[in-house]
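If you want the building blocks of each chain, they are given just below.
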Amino acid sequence: MDRGAAFEMHGWILTDDDIRDIQILLSDKAGSNSLCPMCRQNSWTISRHLIQNTLVLRRFETKSVDSSLGTAGPIYIVISCKTCGNSQFLETEALGFELFKNDQPPVGDEG
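Because the structure is predicted, anything quoted here is derived from the model rather than measured. (Residues numbered from 1 in each chain as written. Predicted model: local features only at pLDDT ≥ 70, side-chain atom pairs only at ≥ 80, totals over all residues. Heavy atoms only, no water.)

## Description of the environment of Ser32
Summarising the element assignment, Ser32 is placed in the loop between α2 (16-30) and β1 (44-46). For the pair Ser32 and Asn42, spaced ten residues apart in sequence, the C-alpha separation works out to 8.8 Å. Apart from residues no more than four positions distant in its own chain, Ser32 is found in contact with Ser27 and Asn42. (Helix = DSSP H or I, 4+ residues; strand = E, 2+ residues; numbered from the N terminus. Contact = heavy atoms within 4.5 Å.)

This is the structure we're talking about:
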């Protein structure tokens, strides 16, 4: 199963365990005092919904956009500042967050 199909099938709503895992990963990478670049506060929240960017290819000969030519892009965790709303999109692979756990199939599993 490719990542795009898996994303559509599972929707990936983060559990409390997922949120804790992400907090640990963020703490390991950024430390416990990561200030918002907009308001300089340290009050973040992690969205329970993952975001997947779908890349849409343009047909140059017709100048039209055909969504059937799209391809699944990276999957992101969204963190937002509770003070000012500044949001950051963190790529799951770069962060080291394991997308498929327990009942979810691993990437590339056709069964």
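## Brief notes about unusual backbone geometry
Look at Arg40: it is not a glycine, yet its phi comes out positive at around 65°. As for its position among the elements, Arg40 is in the loop between α2 and β1.

## Observations regarding the confidence of the model for the protein chain
Of all residues in the protein chain, 62% attain a pLDDT of 70 or more, and the chain-wide mean is 76. Across the protein chain, the secondary-structure element scoring lowest on mean pLDDT is helix α1 (residues 3-10), at 52, and the one scoring highest is β1, at 96. Throughout residues 105-111 the model reports pLDDT below 50, and contacts reaching past four residues in sequence, or to other chains, amount to eleven contacts. (pLDDT = per-residue confidence, 0-100.)

## Notes on the nonpolar core
Counting 14 residues, the largest nonpolar core has Leu14, Ile22, Leu26, Ile46, Leu50 and Ile77 as the members making the most contacts within it. Secondary structure elements with two or more residues in this core: α2 and β5 (71-81). (Core = buried A, V, L, I, M, F, W, Y, C linked by side-chain atoms within 4.5 Å. Buried < 20%, exposed > 50% of the residue type's maximum accessible area, 1.4 Å probe, protein only.)

## A look at the pattern of salt bridges
Using the criterion set out here, one finds two salt bridges in the structure. Of the charged contacts in the structure, one is a salt bridge between Asp16 and Arg48, with a shortest N-O distance of 2.4 Å. Of the two residues, Asp16 sits in helix α2 while Arg48 sits in the loop between β1 and β2 (51-55), which places them 32 residues apart along the sequence. For Arg48, a relative accessible area of 36% gives the class partly exposed. (Salt bridge = Lys/Arg side-chain N within 4 Å of Asp/Glu carboxyl O.)

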